[in-house]
Amino acid sequence: MAEGERAEELLDLVETNDLTGIRLWLAEHRPYEIADELSRMAEGQATIPFRLLDKDRELEVFEELDPAQQQSILLGLRDHAFQELLEEMDPDDRARLLGEVPAKIATRALAGLSPSERRMTAALLGYPENSVGRYMTPETVILHRDLTVSRALEVVRAKGADVENIYTLPVVSDGRRMVGTVALGDLVISEADRLLKDVVDVFAPRVRAYESVESAARLMQEANLVALSVVDSEERFVGMLTFDDALEVIEAADTEDMARQSGASPVSDHYVSVSVLRLVGARAVWLMVLLVAATLTVNVMQAYEATLEQVTALALFVPMLIGTGGNVGAQSATAIVRALAVGEVRVRDLPRVLWKESRVGFMLGLTLAVLALGIGSFLVGTTIASVVACTVIAICTWAAVIGSAMPLLANKVGVDPAVVSSPMVATLVDATGLIIYFSIARMILGI
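Within an unreviewed UniProt entry, the label attached to the protein chain reads Magnesium transporter MgtE, and the organism entered is Nocardiopsis kunsanensis. Recorded in UniProt under Function (unreviewed entry), the annotation for the protein chain is "Acts as a magnesium transporter." In the Sequence similarities (unreviewed entry) part of its UniProt record, the protein chain is described as follows: "Belongs to the SLC41A transporter family."

(A) Just the side chain of S131, in detail. When you line up the elements, S131 lands in the loop between helix 10 (115-125) and helix 11 (132-135). Excluding its chain neighbours within four sequence positions, the residues that come into contact with S131 are A209, Y210, E211 and V213.

(B) Representation of the sheet that holds strand 3 (residues 178-183). Pairing in this open sheet of three strands is mixed, and the strands run 1-2-3 from one edge to the other. Every other strand in the sheet has two partners, leaving strand 1 (143-144) and strand 3 as the edge strands with one partner each. Here two bridges tie strand 1 to strand 2 (residues 168-172), and the two strands are oriented parallel to one another. Residue H144 lies in a different strand from strand 2, and its bridge partner there is V172.

(C) Main features of helix 10. Every buried residue of helix 10 is listed here: E117, M120, T121 and L124. Within helix 10, the buried residues cover an arc of 95 degrees as seen down the axis, which keeps them to one side.

(D) Examining the packing of aromatic side chains more closely. Scanning all chains against the criterion turns up three aromatic pairs. Between Y127 and Y210 the ring centres are 5.2 Å apart and the planes differ by 65 degrees, which places this aromatic pair in the edge-to-face class. Of this pair, Y127 sits in the loop between helix 10 and helix 11 while Y210 sits in the loop between strand 4 (206-208) and helix 14 (213-223), and the two are 83 residues apart along the sequence. Accessibility expressed as a relative area gives 15% for Y127, which makes it buried. Relative accessible area serves as the criterion here: at 59%, Y210 is assigned to the exposed category.

(E) Geometry of the pattern of salt bridges. Taken as a whole and assessed by the stated rule, the structure comprises 13 salt bridges. One salt bridge in this structure joins D93 and R96, with 2.7 Å as the shortest N-O distance. Taken together, the residues D93 and R96, both in helix 8 (residues 91-98) and three residues apart, mark about one turn of the helix. The exposure class of R96 is buried, given its relative accessible area of 13%. Counted as one network, the salt bridges with shared partners bring together D92, D93, R96 and D245.

(F) Spotlight on the UniProt feature "transmembrane region" (unreviewed entry) in the protein chain. Within this structure's numbering, the places UniProt gives as "transmembrane region" (unreviewed entry) are residues 284-301, 313-340, 360-380, 387-410 and 422-445. Structurally, residues 360-380 comprises 100% helix and 0% strand, and the distance from its first C-alpha atom to its last is 29 Å. With 100% helix and 0% strand, the stretch residues 387-410 has end C-alpha atoms that lie 34 Å from each other.

Definitions and limits used
Residues numbered from 1 in each chain as written. Predicted model: local features only at pLDDT ≥ 70, side-chain atom pairs only at ≥ 80, totals over all residues. Heavy atoms only, no water. UniProt positions renumbered as here; feature names shortened; annotations may be inferred. Helix = DSSP H or I, 4+ residues; strand = E, 2+ residues; numbered from the N terminus. Contact = heavy atoms within 4.5 Å. Pairing = 2+ DSSP bridges. Buried < 20%, exposed > 50% of the residue type's maximum accessible area, 1.4 Å probe, protein only. Arc of directions from axis to C-beta. Phe/Tyr/Trp six-rings, centres within 6.5 Å; stacked < 30°, edge-to-face > 60°. Salt bridge = Lys/Arg side-chain N within 4 Å of Asp/Glu carboxyl O.

Written out as structure tokens, the structure is:
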């Protein structure tokens, strides 16, 4: 049976309240597949199949869900099941969930936790919302630098079953001062009587708990890390950021950037389960902003109305020119936003970026100008065609400069670069491109 047919079958089973059929469907699917189908359901529907899950799979499915869907399911559970599920969650997942629910629900949830779980969760909730501290796991196997390799392996065997990651192990000195990390594989192949201080990687990257979690996740991606050590302001070890959480952070950040680059506010929930009104709200504000900004183009057209009256053929090429400029600017903006996100360029690289993009834009303009000259000569003659060709070169160069500069300048003043990317760049290039077009036309045609 095809995947789409399976999804429809589960929804049909829920709508007909076929409990036996739901149990059979759940037994045949993996946790991440079940979570994906639950995310597609309307609010309240997902609680029914979730409550029919086996206890040993319930937590696995729950932790695969987005916080909004988790909240919806929790509200449909009885108090005992509610607290039992929260108690079994990893502290970092629990902290992110409670950070998004109403204060009354969070208070109720914290009050029902065991003292140790409550302390860990409260500590994580004390960090800023998008900081590493909110995403790190405090449950780790910590090794002292003076242990032997054999003793360290004994500690891992004794405590490893209760933690999220044992592949990268933090090594500390007295007072939990961070020394470095050691890979489990290095422990296994090292001599049993060697001291950890002779095996530890003291150059392993680490981040502060208050730093941006997206920056930390990008660092893990760049350095190919399974886990990243997190320390406080005094270099004391406080937790580990694991690769699964880092992947979720990067995916969420990339999704948000894509939404902003298309001129919309990001929507974190599953597309299928999001209401029409919420999608309209996410898109309408930016469209209104862009509509107002587009009046610049109207003003420019009015200012050069006399020029158009003298040479009406110029109007034929306006859509082509502003469309080309907008596309070139959008390409440059997208490239720079992405380069900023992965750390390939920084604000101080602005002069180098502008020099490179201006040359790229100029060469693109030359290539397109040849095509424009040929088309224009056939339609309106060589004189107007030469105006169009020169304008294409100028607009492409200008659009590439604007498209590359705006994200970097936005980042400099603390604005998300994606906010000023493709749609905003295209709107600005439309207005300025017309000024370039009519100025060149006046010079060549003498009007």
